[in-house]
Amino acid sequence: MLLTALDGEETAVFAAAAGKRRQRPEGGGEAKLPACLGVSILSKADEKHKIFSPFCPPSASVQVRVEPVGRWFEAFVKRRNRSASASFQELEEEEESSEESEDEEFQLEEYPMLRTLDPKDWKNQDHYAVLGLAHLRYKATQKQIKAAHKAIVLKHHPDKRKAAGEQIVEGDNDYFTCITKAIEILSDPVKRRAFDSVDPTFDNAVPSKSEGKENFFEVFAPVFERNARWSSKKHVPKLGTMESSFEEVDNFYSFWYNFDSWREFSYLDEEEKEKAECRDERRWIEKQNRASRAQRKKEEMNRIRTLVDTAYSCDPRIKKFKEEEKARKESEKKAKADAKKREQEEKERARQAELEAARLLKEKEEEEAKQAAQQAKKEKEIQKKAIKKERQKLRTTCKNWNYFADTEADSVKMMEEVEKLCDRLELASLQSLNEILASSSKEDSKEAVDKQVQEVNAQLQREREAEVQARQAARSAEQASGGGGGAGKGWNEDDLQLLIKAVNLFPAGTNARWEVIANYMNLHSTSGMKRTAKDVINKAKNLQRLDPLQKDEINRKAFEKFKKEHTSVAPSIDNAVPSERFDAAGSDSNAAPWTTEEQKLLEQALKTYPVSTPERWEKIAAAVPGRSKKDCMKRYKELVEMVKAKKAAQEQVAAKSKK
């Protein structure tokens with residue numbers, strides 16, 4: 001019986017002879033198929049066209065679906081995934097077998113230094129070269145390694161060489177030990193990986209910047225391809241060309257800046273822990289080996305980082321991308337600046353439009369106000385002319401009636417009353433009065449004039465009474481505030497004049513101004529009354545609220561006192577004995593107050609001519625026109641005393657504040 005397992009798309013058809021049925025043997029068990037049973041393999045195409053290939057002519061057919069298992073199921077899955085037929089799989093298997101045969105037929109390269117190797121120095125030997133695989137190295141397969149070992153053993157085995165009459169070194173000192181170590185290292189995946197990590201033929205060199213700037217791609221492409229073998233990840237990106245996109249270049253450098261290397265340096269361990277005599281020594285060896293491996297791993301990663309940094313700094317594409325990015329940013333910056341400029345221009349235009357509209361509106365309002373003022377002026381002129389006309393008419397009418405008097409005195413008195421009416425009455429009142437006078441008799445006119453005079457006099461009387469009451473109220477308020485604020489302390493004319501002088505001497509902005517003014521008054525007051533800052537403030541406020549006539553009176557008295565003091569030589573402050581030069585008033589003395597310009601000239605002359613200057617005061621007097629030597633010396637003494645008093649007042653306030 002022929003039985004073949006196929007996939008679900010194929011069907012095994014069992015054909016049995018007509019009339020033949022399964023027969024159970026006498027001893028029991030499964031029924032056996034007759035000898036003429038044939039098995040036909042039908043594909044879809046065969047089944048479609050009803051093509052049969054029986055081994056014997058069947059009389060009937062039975063279809064049975066068979067599931068593939070084992071290696072047939074694996075082959076079925078491969079064929080289904082690749083949409084391949086059974087014949088194509090057979091071709092692939094033949095190709096694999098041919099490749100295996102090629103692996104077995106590779107050429108070995110004899111290592112010329114094999115017989116001179118020192119077995120004790122096996123760790124420093126090239127194991128691939130020992131087995132003749134120096135041209136394949138890490139690309140060699142395990143089959144190739146085994147075949148190379150087999151071939152070299154057949155040639156260099158001590159028994160073979162001994163049979164050929166060659167002298168053999170006894171023990172492990174024969175070079176054949178190097179062959180044994182080579183196959184031991186390369187046949188073990190872990191040990192082979194450790195040896196490949198320190199491949200003596202690998203070039204660890206990193207190109208310099210000067211080399212990379214001239215031929216970047218020719219210099220760095222082989223280096224990256226060479227180092228890509230250490231990557232733990234597959235599909236290492238290529239360096240690319242000058243036409244590579246930004247994404248490709250960025251992906252390349254991102255991969256290498258995050259490079260994950262499988263390279264390890266356990267092969268270079270100086271100590272082998274298997275040789276340790278105790279556990280502590282083994283731990284110490286492991287610690288030393290871990291430290292040396294970590295150091296070499298760090299150096300390896302630094303080498304890779306240096307390679308990537310050098311390539312990045314020399315890559316012309318990076319420079320191109322940076323220039324493009326810079327140009328893009330500059331264009332964006334320029335566009336932003338242009339947009340901002342346009343926005344500012346729009347705002348400026350809007351502002352200019354608003355200003356123009358405001359100017360036009362202002363001009364319109366000014367024009368309207370001007371016209372209104374002109375109209376009001378015209379009306380005022382008209383009214384003024386009308387009032388003048390009515391006043392003249394009133395005067396003429398009263399004059400014609402002889403001012404309604406029989407005697408000259410009554411006539412003069414009435415004339416004054418008429419003038420008072422002309423000054424006080426409005427236009428309407430004058431017009432109505434003139435109408436009455438024009439249409440009435442002398443007696444009626446006199447009565448009307450007398451009535452109007454009485455009304456005007458009554459109004460004047462009311463105004464005078466109101467003014468008197470206001471003055472009395474102001475005076476009483478002054479007395480109340482002065483008495484309450486000063487705690488019963490009166491203010492005479494000298495104190496008021498001294499207060500005015502102190503306020504002018506210590507202007508607004510002076511530190512602790514009112515305390516300084518109070519101390520100044522206490523030092524120079526002749527009344528002996530001690531003033532506080534509160535008293536001074538209240539009195540200064542009262543002076544501000546005084547009637548202008550009273551202010552003028554105080555200023556007049558102060559000026560008269562100043563003039564009186566300056567007409568004769570005043571005694572110095574603190575009872576100081578004045579110089580004999582000031583005892584008698586000279587004929588050339590100028591009693592007029594010093595002006596601001598004269599004061600400036602005096603100060604400048606004092607700076608120009610110091611104390612050591614001969615005939616100093618004569619030169620100072622010559623520098624101040626209109627002033628004599630005596631005037632300049634006298635003014636200087638006054639200024640010195642004034643400055644001393646001011647400093648004393650300020651120092652006293654400062655001392656109080658510290659306490």
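Shown above is the structure to which this text applies.
The rules behind each value
Numbers given for residues are sequential positions, taken from 1 along each chain in its written order. Whole-chain, interface and lining totals are the exception, using all residues; otherwise, since this is a predicted model, local features are given only for residues with pLDDT of at least 70 and side-chain atom pairs are given and counted only at 80 or more. Hydrogens and water are ignored here; the side-chain numbers use all heavy atoms of the structure. Numbering of helices and strands runs from the N terminus; a helix is a DSSP stretch of H or I covering at least four residues, while a strand is a stretch of E covering at least two. Only protein chains enter the accessibility calculation, which uses a 1.4 Å probe; a residue whose area is less than 20% of its type maximum is buried, one above 50% is exposed, and one in between is partly exposed. We call two residues in contact whenever any of their non-hydrogen atoms come within 4.5 Å of each other. All accessibility values rest on the Shrake-Rupley procedure with a 1.4 Å probe; residue burial counts only the protein chains present in the view. Paired rings are identified among Phe, Tyr and Trp, the last through its six-membered ring, by centres lying within 6.5 Å, and are further divided according to the angle between planes into stacked (under 30 degrees), edge-to-face (over 60) and tilted (the rest). Two conditions define a charge located above a ring, namely a distance within 6 Å from the ring centre to NZ of Lys or CZ of Arg, and an angle within 35 degrees of the ring normal. Grouping buried Ala, Val, Leu, Ile, Met, Phe, Trp, Tyr and Cys residues that are joined through side-chain atoms within 4.5 Å yields what is termed a nonpolar core. Every axis corresponds to a line fitted to the C-alpha atoms, with the helix fit spanning only the stretch in contact, and the corresponding angles, defined between N-to-C directions, vary from 0 to 180 degrees. Orientation is classified from the angle alone, with under 35 degrees giving roughly parallel, over 145 giving roughly antiparallel, 65 to 115 giving roughly perpendicular, and any other angle giving oblique. In this classification, the charged set is Asp, Glu, Lys and Arg, the nonpolar set is Ala, Val, Leu, Ile, Met, Phe, Trp, Tyr, Cys and Pro, and all remaining amino acids, among them Gly, are polar. Whenever a carboxyl oxygen of Asp or Glu lies within 4 Å of a side-chain nitrogen of Lys or Arg, that contact is scored as a salt bridge. In this scheme, a helix's expected span is set at 1.5 Å multiplied by one less than its residue total. Here the arc refers to the set of directions running from the helix axis out to each C-beta atom.

A.B. asks: Give a detailed account of the overall build of the chain, specifying residues and quantitative values.
C.D. replies: Broken down by element type, the chain carries 23 helices and three strands. A buried classification covers 28% of the 659 residues belonging to the chain. Taking the contacts inside the chain whose residues are at least 6 apart along the sequence as the reference set, 68% of them involve residues at least 24 apart. With the model as given, the accessible surface of the chain reaches about 45,400 Å², and the carbon-plus-sulfur share is 52%.

A.B. asks: Tell me about the packing of aromatic side chains, residues and numbers included.
C.D. replies: If you walk through the whole model with that rule in mind, you get 19 aromatic pairs. Ring plane angle 75° and centroid distance 5.0 Å describe the contact between F202 and W230, whose orientation is recorded as edge-to-face. Of this pair, F202 sits in the loop between α8 (189-197) and α9 (209-214) while W230 sits in the loop between α10 (216-227) and α11 (246-257), and the two are 28 residues apart along the sequence. Owing to a relative accessible area of 9%, F202 belongs among the buried residues under this scheme. An aromatic cluster is built from F216, F217, F220, F224, F252, Y253, F255, W256, Y257, F259 and Y312, whose rings are joined through pairwise contacts. The ring centre of W617 lies 5.3 Å from the NZ or CZ of R616, which sits over that ring. Its end group placed over the ring of W594, R627 keeps NZ or CZ at 4.5 Å from the ring centre.

A.B. asks: Please set out the nonpolar core residue by residue, giving values where relevant.
C.D. replies: If you look at soluble globular proteins, the nonpolar side chains tend to sit buried side by side. If you look at the biggest cluster of nonpolar residues, it comprises 25 residues, and the most contacted ones within it are L114, L131, L133, I145, I179 and L186. Elements supplying a minimum of two residues to this core: α4 (127-130), α5 (142-156), α7 (176-187) and α8. Ranked by residues supplied to this core, first place goes to α7 with seven residues. Judged by nonpolar contacts, the second largest core, of 23 residues, contains F216, F220, V223 and L239.

A.B. asks: Before we move on, can you summarise the packing of α5 against α7 with the specific residues and values?
C.D. replies: Direction vectors running N to C along α5 and α7 enclose 170°, while the axes themselves pass 11 Å from each other. The angle between α5 and α7 falls in the class roughly antiparallel. Two secondary-structure elements touch here, α5 through Q142, I145, H149, I152, V153 and H156 and α7 through F176, I179, I183, L186 and S187. For the contact of α5 with α7, the class distribution of residues is seven nonpolar, four polar and no charged.

A.B. asks: Please provide a residue-by-residue account of the pattern of salt bridges, values included.
C.D. replies: Tallying each qualifying case throughout the model produces 27 salt bridges. For the salt bridge of D199 with R229, the shortest nitrogen-to-oxygen distance reads 3.8 Å. A residue pair is termed long-range when its members are at least 10 positions apart, and D199 in the loop between α8 and α9 and R229 in the loop between α10 and α11 qualify at 30 residues. We note that D199, like R229, is buried. A salt bridge links R359 to E356, with the nearest nitrogen and oxygen atoms 2.3 Å apart. Highlighted residues: R359 and E356, both in helix α13 (residues 316-400), separated by three residues, approximately one helical turn.

A.B. asks: Tell me about α5, residues and numbers included.
C.D. replies: The end-to-end C-alpha distance of α5 is 21 Å, a good match for the 21 Å that 15 residues give at a rise of 1.5 Å each. Among the residues of α5, Q144, I145, A148, I152, V153 and H156 are the ones counted as buried. For α5, the angular spread of the buried residues around the axis is 160°, confining them to a single face. Exposed residues pointing more than 90 degrees away from the buried face of α5 are listed as K146, K150 and L154.

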